[in-house]
Structure formats: C-alpha cells, structure tokens
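Topology and contacts: notes
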Amino acid sequence: MAVLATISLTACSEQSKVGFLPTERGTTDNADQVMDLWIGSWIAALSVGLVVWGLMLWCMVAYRRRKNETGYPRQLAYNAPLEIFYTIVPIALIVSLFFFSFRAQTAITDRFDDPDVKIQVYGKQWAWDFNYLDEDVHYQGVQAHLTGEPGVEETLPTLYLPADSKVELEISSRDVIHSFWVPAFLEKIDMVPGRTNYMSFTTGREGTFAGKCAELCGEYHSEMLFNVSVVSKDEYNAQIQKLRDEGNTGIIGDEYNRNPNLNATSNN
C-alpha cells in the first residue's frame, strides 16, 4: 500500500511528467523525442512487470499447498500455448523497442539541409571556442576557476543560440578527447581530435542551460564548464554585433589546435 500510494502521489508531479529527466518539454525537438522514448520504454517495462507480478501472485495463491495435502502437486511436462506465448511476447517487445529507438535515433542524428544557424564548437583543455560561421565572428573561452563564490557561473564561456531556430553544431577538439554535453538537451556527443561530429536540433523555449565536458580530459576536467543561452533573435543579433565590436571577427580554425601532428597525419 505504501508503494502504491507513493507511485500514485508522484505520478502527478512535474518531474514524473518528464520521466524524472533534467529538462522540460519544448527545450529542443530532440529532447522531446528522447523524453517520449524514455517514458514509453518505462511504461512498457512497468506493464510487463505488473503482468509478471500478477501471474506470480496468482500462482502462489492458486497452487499453494492446502491443508492436509502431502507430496508434490501433479507435474506437467510442458504447456505448448504458454510456451508459445512466452516466446512471442519477448520477441514482440524487443522488435517494438528496436523500432522506436531506431526511429528516434534516425530523427536525432539527421542533419538539416539548410539550418538557420551554423556554429563550430571546439573543446580544449579546459575551455571552449565558438565560431559563428554564418556571421564570421568567434568567441574564445577561458578556463573557469571554481572558487565556491557566487557569480562564477556568469564568467563561464557562453554559447548563444536563437530561439525557435534550426541549429547545426560542428563539434571538434583542439587537443584530447572531450565530450559536449548539455543535460537539459538530453544529448551528448564526443569531441575527437582530427574528427568533426555534428549535432542538429531545433531550439525551443528561451533560457540558460548549463553544459559541461563529460569525458575525463585531464587535471581540470571538472572546471571545463559552459553555458548555453537560448535567446530571442534580436538578442542573438545583438550578441553577434557585440562580438564584432570587440574585434572578434573571423574564424579561429584548426591552426589553433595543440597537437601539430594531427594535420600531418591526416595529409599522409
């Protein structure tokens, strides 16, 4: 009764509606797809669990040893309908989960033919560089220093994105393997030296979302943090103009990579 009461009470909470994930609906279109897949998988798993628990309880009650009974109950060699049922149902569940997972993965990894915004993201020990390719401006991040005092979050490198826009991020690394992760986006992608990965999504609601490197990349890995600010298009244009006024014009490319052997290796 306590378990059922707890489940019933938490089922109406805002956290349960998003599957206890660290986000909200409308953050990005990919986040919504991941959320739907996650919640649907849990519903299927709990449904199977309830059926199995019910059958176990029914067997315990229906086939329990009665008073004055001795010995074992009558043994059955097999039950063809039951065995067919127990074979078909798991296969159907696996095929269904594979179908929905493949559909969500395909939609998430597909790139846009004509994105509204293209940004190149470089991870480096232990900060971030952002090239706004369409506007020909850039931002060079500096490593954060966590002192425990308020206000440090405002000094973190910040990636600006316009709301309600198709965004494509080109993900690369300047030195070692990093990982670009924004928990609220429910999406994470590796940053491998000498390789470019892509992340495509449509932004939704405005807000500031914490990001971090999710790959152990050295001594100050814990301080390799950044923010993503999804703002109105006017505010986005104002931020681009601010970078231009500060002299951050042009693109900072692979020439700033720390490992000089990468280009030599790729050319051989």
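Now for a look at the structure at hand.

1. Regarding the packing of helix 3 (residues 29-62) against helix 4 (residues 80-109)
Here helix 3 crosses helix 4 at 170 degrees, and the two axes come no closer than 9 Å. In this view, helix 3 runs roughly antiparallel relative to helix 4, as classed from their interaxial angle. On helix 4, the residues that touch N30, Q33, V34, L37, S41, V48 and L55 of helix 3 are Y86, L93, L97, F100, S101, A104, A107 and I108. Of the residues that constitute the contact of helix 3 with helix 4, the class distribution is 11 nonpolar, 4 polar and no charged.

2. Some thoughts on the sheet that holds strand 1 (residues 117-124)
Reading across from one edge, 3-2-1-5-8 is the order of the 5 strands in this open sheet, with mixed pairing throughout. Strands with a single pairing partner mark the edges of an open sheet, and in this sheet they are strand 3 (137-140) and strand 8 (197-202). Going from strand to strand, the sheet's axes swing by 20 degrees on average, the running direction of each strand aside. Sheet strands touched by helix 5 (residues 233-245): strand 1, strand 2 (127-132) and strand 3. Its angle to strand 3, the strand with the most contacts, is close to 80 degrees.

3. Let's talk about unusual backbone geometry
Between Q125 and the following residue, W126, the backbone shows a cis peptide bond with an omega angle of -5 degrees. Phi angles above zero are rare outside glycine, and D136 is one such case at about 60 degrees. Within the secondary structure, D136 is located in the loop between strand 2 and strand 3. The residue D164 is not glycine, and still its phi comes out positive at about 55 degrees. Relative to the elements of secondary structure, D164 occurs in the loop between strand 4 (158-162) and strand 5 (166-173).

Reading the values: the criteria
Residues numbered from 1 in each chain as written. Predicted model: local features only at pLDDT ≥ 70, side-chain atom pairs only at ≥ 80, totals over all residues. Heavy atoms only, no water. Axes fitted to C-alpha atoms, helices over the stretch in contact; angles between N-to-C directions. Helix = DSSP H or I, 4+ residues; strand = E, 2+ residues; numbered from the N terminus. Parallel < 35°, antiparallel > 145°, perpendicular 65-115°, else oblique. Contact = heavy atoms within 4.5 Å. Nonpolar A, V, L, I, M, F, W, Y, C, P; charged D, E, K, R; others polar. Pairing = 2+ DSSP bridges.

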